[in-house]
Amino acid sequence: MIEINQLTKRYGSVLAVDGVSFCVQPGQVTGFLGPNGAGKTTTMRMLLGLNAPTSGTATINGRPFREFGTGLRHVGALLDAGDVHRGRTANAHLAALARSNGLPRRRVEEVLEMVGLGEAGRRRVGSFSLGMRQRLGIATALLGDPPVLLFDEPINGLDPEGIRWARELFRRLAAEGRTVFVSSHLMSEMEHTADHLIVVGDGRLLADEPLADFAARATTAGATVQTPDPAALAEVLRNAGASVLSQGHDTLTVTGLTTARINELAFTHRVLVHEVSAHVGTLEDAFMELTAASVQYRASATPGRSKDR
Amino acid sequence: MTTLSTPPAKATRHGAGKPALWRDLLGAEWIKLWSLRSTPIVLGVLLSLYLYLAYHAAQLDHDSYPTWPAFAKLDPDPAHDAFDFPKFLLLMATAGTIGAMSVVGEHASGLIRATLIAVPARGRVILAKATVVTAVLAVLGLLIGVGGWGITLAVISDRISGFSFTTPGIWRLIAGTTVMVPVCGLIGMATATLIRNTAGSVFAVLAFFLVGPLAVKARLPLLSDDQRADLGNTLPAYAWGRLKTMSHGHLVERVSSIPAAWISLTVWAVVSVVITVTVLRRRDV
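Residues numbered from 1 in each chain as written. Chains lettered and ligands numbered in written order. Predicted model: local features only at pLDDT ≥ 70, side-chain atom pairs only at ≥ 80, totals over all residues. Heavy atoms only, no water.

## Digging into unusual backbone geometry
Residue and element names in this part refer to chain A. For Asn61, which is not a glycine, the phi torsion comes out positive at approximately 50°. Structurally, Asn61 can be placed in the loop between strand E4 (55-60) and helix H2 (71-74). Notably, Asp145 is not glycine yet its phi reads approximately 50°, a positive angle. Locating Asp145 in the fold gives a position in the loop between helix H5 (130-142) and strand E6 (148-152). (Helix = DSSP H or I, 4+ residues; strand = E, 2+ residues; numbered from the N terminus.)

Shown next, in the form of structure tokens:
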């Protein structure tokens, strides 16, 4: 089990992590979600003793990580697939880490087989693709057969087959009773993997709940309306308190009103409507809504959608 | 599929476990050092180069001996030629670079994070690395010392007699070389720990070992000549230079005593290790 208690990290004037508290339970996959710069990696680094927290505590099975003698036997972690010396072979990289924890040499071949790099052990890591380095990072995490596993954005660079494989691996590890904590900035990724979600934005905890509860947050499901006179209808709907977004010359996306209410308003104001269809909220929408206020690095070219919400 | 009701024993295992064994940490650093292609190449080239330089110097002495003036023939100094000071500055700089690369290779690549996730006890990890670097460079220094003198003896003995492995001072020279090479490596490790960037670390190491010994020979502001000489004598290069000096009666400069030279090398080693360990222990990586 992972316990984070009032964890805070300040870099100069920037508050990277701001009083975050949560628990990660064994036996399930816990997704750690947040936009870029939300503080996910900083939280994981503090959990692993790499960065010292400004205040607060982070423990794994009741102990700060730095108290573990042989880390790999207690916690397996993939933080960044690039954390490898490119001049070494995959075998040598894993052999050195295994040796430091007194793990038998055969574990190296075992984990390389497990992640599908059995043939690549003698190749230098510098010649690996990003996907192969992710697999090598996952192999590193598995070396010590640990009860707690952390993966920071493990899906980056994996091909579709690799993504499916990684998903199944996380589920299998959790099914074996391990604590599996996986970070991502992609909700769609977590949808198929996680049982429980922890969402952070701008260094603060935004949500800590089962996946199903999180999905129920997407209540602002909207409606798509087709009308020959979008300008008139948009004004009517806005006056009724909806947010309206124009899409194409005859289509409006409306949130904040039910489809029945949209029909009523159109009827009473004598605006012709061709079609009103409801669309249900997705996890993605729930995530976007929740984090909209805390997105730090937003591309300036596509602000329209979130501005209208 | 495994049921959740029976988690494996590992998941319920408590306690922090025993600290990583020294034997395993040394083994891990040994694997790291030798799994880089550059290690055997650089060490091999250094050993061959300095043995060749000793051979070449001895050959020159041997060939020119009949033309030497009488006073020189009375007091030959073959060790001075085999262990030529300016040529050994390059050995020191390279040993420093090897030490620096052992640290910067981890920081620049990010491997340091994987290393410290595997073994969170930072002090033990970096001490194991320093031990391995020290041991390997000490062997290099010993081989260059013994080999260089052995080759010199083999080349000159039929013309220049009276030298052997029992000549007074030769073991001080060999021991000094065996100590000096790893001390340079440790200085390199400390430099790289402070700088962490590959190019910056290598530049600083080269500047320290190649420019430093020359810089103290130039006029420095605010320092008297004696102070400048004392400063120079604390540098590892001149400490080694003092230990390797076997001839007698020719010392015209202000040089340190033999014990002072040993102390100087020891202090450089200790300070370097302290910097390397304490800085890493306090830093976010």
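## Let's talk about the environment of Ala199(B)
Residue and element names in this part refer to chain B. Turning to its location among the elements, Ala199 is positioned in helix H10 (residues 198-215). Assessed through its relative accessible area of 58%, Ala199 is described here as exposed. Remark: the alpha-carbon pair of Ala199 and Ala57, spanning 142 residues in sequence, is separated by 34 Å. (Buried < 20%, exposed > 50% of the residue type's maximum accessible area, 1.4 Å probe, protein only.)

## Digging into the sheet that holds E4(A)
All names here are of chain A. A sheet is described by the order of its strands in space; here 3 strands give the open sequence E2-E1-E4, paired in antiparallel fashion. The open sheet terminates on both sides in strands that have one partner only, identified here as strand E2 (14-24) and E4. Ignoring which end each strand starts from, the neighbouring axes of this sheet average 20° apart. Bridge count between strand E1 (residues 2-11) and E4: 5 bridges; the pairing is antiparallel. (Pairing = 2+ DSSP bridges. Axes fitted to C-alpha atoms, helices over the stretch in contact; angles between N-to-C directions.)

## What about the packing of helix H9 (residues 170-195) of chain B against helix H13 (residues 258-282) of chain B?
Residue and element names in this part refer to chain B. Here H9 crosses H13 at 30°, and the two axes come no closer than 8 Å. Overall, the two elements H9 and H13 adopt an arrangement that is roughly parallel. Handedness of the H9/H13 crossing: left-handed. Between H9 and H13, the contacting residues are Arg172, Ala175, Gly176, Val179, Met180, Val183, Leu186, Ile187, Met189, Ala190, Thr193 and Leu194 on the first element and Ile258, Trp262, Leu265, Trp268, Ala269, Ser272, Val273, Ile275, Thr276, Val279 and Leu280 on the second. The residue makeup of the contact of H9 with H13, split by class, is 18 nonpolar, 4 polar and 1 charged. (Parallel < 35°, antiparallel > 145°, perpendicular 65-115°, else oblique. Left-handed = near helix turned anticlockwise from the far one by under 90°. Contact = heavy atoms within 4.5 Å. Nonpolar A, V, L, I, M, F, W, Y, C, P; charged D, E, K, R; others polar.)

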